[in-house]
Amino acid sequence: MNKILAGIMLSFVSLSLGACSFDSTQYFGTTVPQHKANEIWLNNRSEPQWIDPNKTNGVPDGNITRNIFARLTQIHPITNQPVPDLAERWEISDDAKKYTFYMRDSKWSDGTPITAYDMEWSWKRLLDPATASVYGSLGLVVKDSSPFFNRAVHVRGFAPNIDQEALKKVLNEGNEYNIEIADDHPGMYVYIDEEAERKAFIEKYNGALVNGQELKASVTDSSVVKAYALDEKRFYVELEDPVLYFLALIEFDIFAPIPKQAVEHALKATGNADNWTRPEYIVCGGAYCLTEEKFRQYKIFTRNPYYWDDRSTRSDLVKLLMVEKETTSANFYRSGEFDWIGPGELPPEYTETLKQYTDYHNDPYLGIYTYIINVTEPPFDDVRVRKAMSLAVDRDQLTTYVLTAGQQPATDVVPDGLAGYKSTPRKMFDPEKAKKLLAEAGYPNGKGFPKVALKFNTQDTHRLLAEAVQQMWKVNLNIDVELTNVEWRVYLDDQHNKNFQMIRQGWIGDFPDPYTFLDLYMSYSGNNHTAWVNHEYDALVEEANRTPDYDVRNGLFARAVDILMDEAPVLPIYIYTRSYLKKPFLKGFYKDYQDHHNWKFMWNDQRWYKEVPTKEIDDTPKFGS
Amino acid sequence: MLKFILRRSVGMVITLFVIIIVSFFVIRLAKGSPFSQEREVPPEVLKDLEARYGFDKPLPQQFYNYMNNIVHGDLGLSTKYPQRTVNEIIAISLPKTMVLGFFALLWAVIVGVTAGVVGAVRQNTKWDYSAMSLAMVGISLPSFVLGPLLILFFALYLLWLPAGGWGSAKHLILPAITLGTIYAAYIARLTRGGMLEVIRANFIRTARAKGLKEQVVIWKHAFKGGILPVVTFLGPAIANIMVGSVVVEKIFNTPGLGPYFVDAAFNRDYFLIMGIVIVYSAFLLILNLLVDVVYGFIDPRIRYE
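Residues numbered from 1 in each chain as written. Chains lettered and ligands numbered in written order. Predicted model: local features only at pLDDT ≥ 70, side-chain atom pairs only at ≥ 80, totals over all residues.

Caption draft 1: Structural context of the overall build of chain A. Across its full length, chain A holds 18 helices and 25 strands. By the compact-globule yardstick of 25 Å for 625 residues, chain A fits well, its C-alpha radius of gyration being 27 Å. Referenced to the eigenvectors of the C-alpha coordinate spread, the extents of chain A come out at roughly 90 × 75 × 45 Å. Counting only residues that meet the buried cut, chain A has 47% of its 625 residues in that class. Nonlocal contacts in chain A, meaning residues at least 24 apart in sequence, comprise 69% of its contacts between residues at least 6 apart. (Helix = DSSP H or I, 4+ residues; strand = E, 2+ residues; numbered from the N terminus. Rg over C-alpha atoms; globule rule 2.2 N^0.38 Å. Buried ≥ 20, exposed ≤ 12 C-beta atoms within 10 Å, placed from the backbone. Contact = placed C-beta atoms within 7 Å.)

Following this line, the structure appears as structure tokens:
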């Protein structure tokens, strides 16, 4: 039905476009800005859940928090490398584990300075389990953050020279607690999941005399976390491992400093600290600040003159509208209400038609589409069957004939070019070998192959792809795979509970580094839904994360990927692309890998208000000028 | 009359209570949690989230707490919009839906009744046929077809009206027509049917025999009786229109209550679903009562003892 509708709409669209003045058939809709030259109008799709950076959860939140709360670093929109933002510079110790950040003279939108103390408070708030930050676990790279984040019991008070191993044994009597010995002071962290049990443990040992030592026991507080202010200007961070992606990671919005004064003000005024992000209370540390909002209609952001690089902010006002339906969003773009609409805001059935317009663009994206396999149940507990499934899928055909929006066939679980990572060329489609492997596994020509199912969340694009793959399995292996589609929440539940044989899994990288994708298959990762356990793989990835040298590290990653591809708990299908429409007058819009598009770079080329300009204009990002 | 209203009100409260019980437990039967997402939520974080909404307690306890809160006028917190209470969300969204609904209804009644009366009075003429054909089209044309067609013509081709959104009277025209047209079509057919039946009745013949003017006969005598089926239809129809339409509000991006019917369920936003179920049920019950009361006024054959 939707397709018929789209057809009707598009025929109208092409008809009506003839009415405009110059060769407007080049563009989808009006090319004259419908708002003031110093304004940018964008679609945010949904009303955000949180605009508290510590708590952001998803694209609609991140779009906003990234732009109104600056971090220590920012990603250069062209080179994709981390460059200074709130930190003017930093020093890194030789072992690449200790960072000292020197804060710039930047101010909150209320005029007070952003200090290293703000950084400390915000990072500890992020790691506080009471904050309930969904992405908070990314902060666990900070040394000794884990006991605080997991509410471990902190046992201390004993003399530095006692036998800690003996004490550990006593504490663990009759239990299998995970106990870590702190390496910088006499103390240990006891991880107890159950709250009641944890309380009982504290009750038992706090003030108790064990092995001649009077112990102190309490839930770990934030003071142990190795991220703190040395003074107003210097912020010190110590890492568990010398992770090379650290400077890129802390560009993620959750690591932004948060205005303590605003949180306290909102708490005092309304009794609920969460209200601090409402326009009445909000104080921002980035290039823009929220000044007006109407729930599920729009939000207006104006320039923050106190931001250190305000001179480089190109536009005075950004208006975000919340338009969820793709066709509606395309209508708004056409009539000139949006300056650009991005992935998920374009109706997929329009793609073919939109391709002919000059303002339609298609760029690679930091995301990968896969089918993952639950390796615990037959027939997929047999690696030969898994490999056969993978080798029977012709990715080139899928991207050429089914997906059509310029997606790249995947030969790896990591998109190419991340932090210098290059994937090994692989033959992904080999039906003969697939047949042979399946026969070896005991299913010659698919005979006797049990009924298996591929699950995906209800959506037309997933169905189309799954049907094509189902056909490939039928033709190349002569096996029948059932397709089951389930609604989103059920899909998440099934994925989480491993209630599937094969399931679709898309993953968008959290930061531009291979690790964000490789973490998905670590045996202990909460995001590993395949139940695949390979300690060699774990060890290689862990070692890579401890290696402060890019080339060595990428070599280790490549070896880990080799194991992964050989064991095939996952079938990488394609690398995501972003299709978007962008008005020709919108400048300062770069093809950054993460689809961030910082507002502070965006501006309108005013010449379009009068006529179609013929000359290109300088459009390099300006900052720090 | 008063006794009747009182009796019905007691019944309504009981009905509403049953609806609340059933929906509260049925929603929980659906698989999936409001907090699940692609990235694994750390267990300590999940515990805190559940505690924040009281989902960590046993279900009967949760129900007791919920009922207790409703009695105090508190519909709970939304999980999808954690910074808003359900009361706040409904308070923001419902008025917009009602404004839209009011104009849709106005359109439906004016167009529908006019077409129906014309059809009945000029039965089997070209007037009747064209009015009824249009009504047929209106009934068969779903709003997800009519809406985009109107947008194409008026917003994208003629550039007269906005393609969607909220804020001015201009924003209301297209969605109100889209929402109201199907009701207009029903009303037209019901009015025509009702009027035809009454026009053939003895009291109309008597009125005509007394030499009353045709206009008086139609509007003063026939209309009152002929409109009865429309009144019956209007009760639930108003409730439907006033709580919003998922389709129309999505197409026009109206920030009203309609989309929540689907979205809140998809998001497992338990308290928001409950809040909407309660608002919708209350609307439906009250309007049905109103219709019965109005019956008593316009139909002399009906009397409540």
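Back to the write-up after that little detour.
Caption draft 2: Layout of the overall build of chain B. Across its full length, chain B carries 13 helices and zero strands. For chain B, buried positions account for 37% of its 305 residues. Nonlocal contacts in chain B, meaning residues at least 24 apart in sequence, comprise 73% of its contacts between residues at least 6 apart.

Caption draft 3: Structural context of the confidence of the model for chain B. Looking at chain B, the pLDDT average stands at 89 and 98% of residues meet or exceed 70. Here the prediction assigns the complex a pTM of 0.88, and the interface score ipTM is 0.86. (pLDDT = per-residue confidence, 0-100.)

Caption draft 4: Seen up close, the environment of A:Gln606. All names here are of chain A. Relative to the helices and strands, Gln606 resides in the segment after strand S25 (603-604). The class of Gln606 is partly exposed, set by 13 C-beta atoms lying within 10 Å. The spatial distance from the C-alpha of Gln606 to the C-alpha of Ala37 is 6.2 Å, given a sequence separation of 569 residues.

Caption draft 5: How the structure looks around the packing of helix H7 (residues 169-199) of chain B against helix H10 (residues 228-242) of chain B. All names here are of chain B. Between H7 and H10, whose axes approach to 9 Å, the crossing angle comes to 165°. Judged on the interaxial angle alone, H10 and H7 are roughly antiparallel. In the crossing of H7 with H10, the sense of the turn from one axis to the other is right-handed. On H10, the residues that touch Leu179, Tyr183, Tyr186, Ile187, Leu190, Thr191, Gly193 and Gly194 of H7 are Leu228, Pro229, Val230, Phe233, Ala237 and Ile241. Of the residues belonging to the contact of H7 with H10, the class tally is 11 nonpolar, three polar and no charged. (Axes fitted to C-alpha atoms, helices over the stretch in contact; angles between N-to-C directions. Parallel < 35°, antiparallel > 145°, perpendicular 65-115°, else oblique. Left-handed = near helix turned anticlockwise from the far one by under 90°. Nonpolar A, V, L, I, M, F, W, Y, C, P; charged D, E, K, R; others polar.)

Caption draft 6: The arrangement of the nonpolar core in detail. With 220 residues, the main nonpolar core has A:Ala388, A:Ala392, A:Leu518, A:Ala560 and B:Ile187 as its most contacted residues. At 15 residues, the largest contribution of residues to this core is made by H7(B). Among the nonpolar cores identified, the runner-up in size contains 13 residues, and A:Ala152, A:Val153, A:Ile179 and A:Ala217 belong to it. (Core = buried A, V, L, I, M, F, W, Y, C linked by C-beta atoms within 7 Å.)

Caption draft 7: The interface of chain A and chain B, seen in detail. Chain A puts 39 residues into the contact, and the matching count from chain B is 36 residues. When contributions to the side of chain A that touches chain B are tallied by element, the ones reaching two or more residues are helix H1 (2-17), helix H9 (326-334) and helix H15 (488-496) of chain A. Tallying contributions element by element places H15(A) first for the side of chain A that touches chain B, with six residues. Split by residue class, the side of chain A that touches chain B holds 16 nonpolar, 13 polar and 10 charged.

Caption draft 8: Focus on the sheet that holds strand S13 (residues 234-238) of chain A. All names here are of chain A. Judged by pairing direction, the sheet is antiparallel, and its four strands sit side by side in the order S4-S5-S13-S12 without closing on themselves. The open sheet has two edge strands with one neighbour each: strand S4 (87-92) and strand S12 (227-229). Neighbour-to-neighbour, the strand axes of the sheet open up by a mean angle of 20°, direction not taken into account. As paired elements, S12 and S13 share three bridges and run antiparallel to each other. Bridge assignment links Ala229 to a residue of S13, and that residue is Phe235. (Pairing = 2+ DSSP bridges.)

Caption draft 9: Seen up close, unusual backbone geometry. In this chain, A:Pro378 is followed by A:Pro379 through a cis amide linkage whose omega measures 5°. For A:Pro379, the location among the structural elements is in the loop between strand S18 (360-373) and helix H11 (383-391). Despite not being glycine, B:Asn124 has its phi angle at roughly 65°, a positive value. Turning to its location among the elements, B:Asn124 is positioned in the loop between helix H4 (86-121) and helix H5 (126-140). Classification of B:Asn124 as exposed rests on a count of 8 C-beta atoms within 10 Å.

Caption draft 10: Inspection of the environment of B:Asp299 at higher detail. Looking at the element boundaries, B:Asp299 is found in the segment after helix H13 (270-298). Along the backbone, B:Asp299 and B:Asp128 are 171 residues apart, and their C-alpha atoms lie at a distance of 26 Å.

Caption draft 11: Inspection of the pairing of strand S8 (residues 187-191) of chain A at higher detail. Residue and element names in this part refer to chain A. By the criterion of burial, S8 is predominantly enclosed, with four of the five residues buried. Across four bridges, strand S6 (residues 153-156) lies against S8 in antiparallel orientation. When the sheet's bridge partners are listed, Val153 is paired in S8 with Val190. In this sheet, S8 lies alongside strand S7 (residues 178-181) in antiparallel orientation, the contact comprising four bridges. Opposite Ile181, over in S8, you have Met188 as the bridge partner.

Caption draft 12: How the structure looks around H10(B). Residues and elements named next belong to chain B. Its 15 residues place the ends of H10 21 Å apart at the C-alpha level, agreeing with the 21 Å of an ideal helix rising 1.5 Å per residue. The largest bend in H10 comes to about 35°, at Leu234, with the proline Pro236 one to four residues further on. Every buried residue belonging to H10 is among Val230, Leu234, Ala237, Ile238, Ala239, Ile241 and Met242, and all of these are buried. Of the residues one or two after H10, Gly244 is the one with positive phi, at around 100°. (Expected span 1.5 Å × (residues − 1). Bend = angle between axes of the 7 residues up to and from the residue.)

Caption draft 13: Examining helix H17 (residues 535-546) of chain A more closely. Residue and element names in this part refer to chain A. The terminal C-alpha atoms of H17 lie 16 Å apart, and with 12 residues this matches the ideal 16 Å at 1.5 Å per residue to within 8%. The complete set of buried residues in H17 reads Tyr537, Leu540, Val541, Ala544 and Asn545. Projected down its long axis, H17 carries its buried residues within an arc of 135°, all on one side. Exposed residues lying more than 90 degrees from the buried face of H17 are His535, Glu536 and Ala539. (Arc of directions from axis to C-beta.)

Caption draft 14: The arrangement of the confidence of the model for chain A in detail. All names here are of chain A. When pLDDT is averaged along chain A, the result is 90; 96% of the residues meet or exceed 70. The least confident element of chain A, judged by mean pLDDT, is H1 at 47; the most confident is S13 at 98. Segment residues 10-22: pLDDT under 50, and 10 contacts once partners within four positions in sequence are set aside and those in other chains are kept.

Caption draft 15: Focus on the packing of H4(B) against H13(B). All names here are of chain B. Viewed as axis vectors pointing N to C, H4 and H13 meet at an angle of 50°, and their least axial separation amounts to 10 Å. On the basis of the axis angle, H4 is oblique to H13. Two packed elements cross with a definite hand, and for H4 against H13 that hand is right-handed. When H4 is examined against H13, the residues Val86, Ile89, Ile90 and Leu94 are found in contact with a partner set consisting of Phe271, Leu272, Gly275 and Val279.

Caption draft 16: Structural view of the sheet that holds S7(A). Residues and elements named next belong to chain A. Across the sheet, which stays open at both edges, the four strands sit in the order S7-S8-S6-S11 with antiparallel pairing between neighbours. Every interior strand has two partners, whereas the edge strands, S7 and strand S11 (216-219), have only one. With direction set aside, neighbouring strand axes in the sheet form an average angle of 20°. Strand direction decides the pairing type here: S6 and S11, joined by four bridges, are antiparallel. Within S11, the position partnered with His154 by the bridge is Ser218. Helix H5 (residues 164-171) rests against S6, S7 and S8 of the sheet, and its axis sits at about 155° to S7. The strands touched by helix H6 (residues 195-205) within the sheet are S6, S8 and S11, with S6 carrying the most contacts at an inclination of about 15°.

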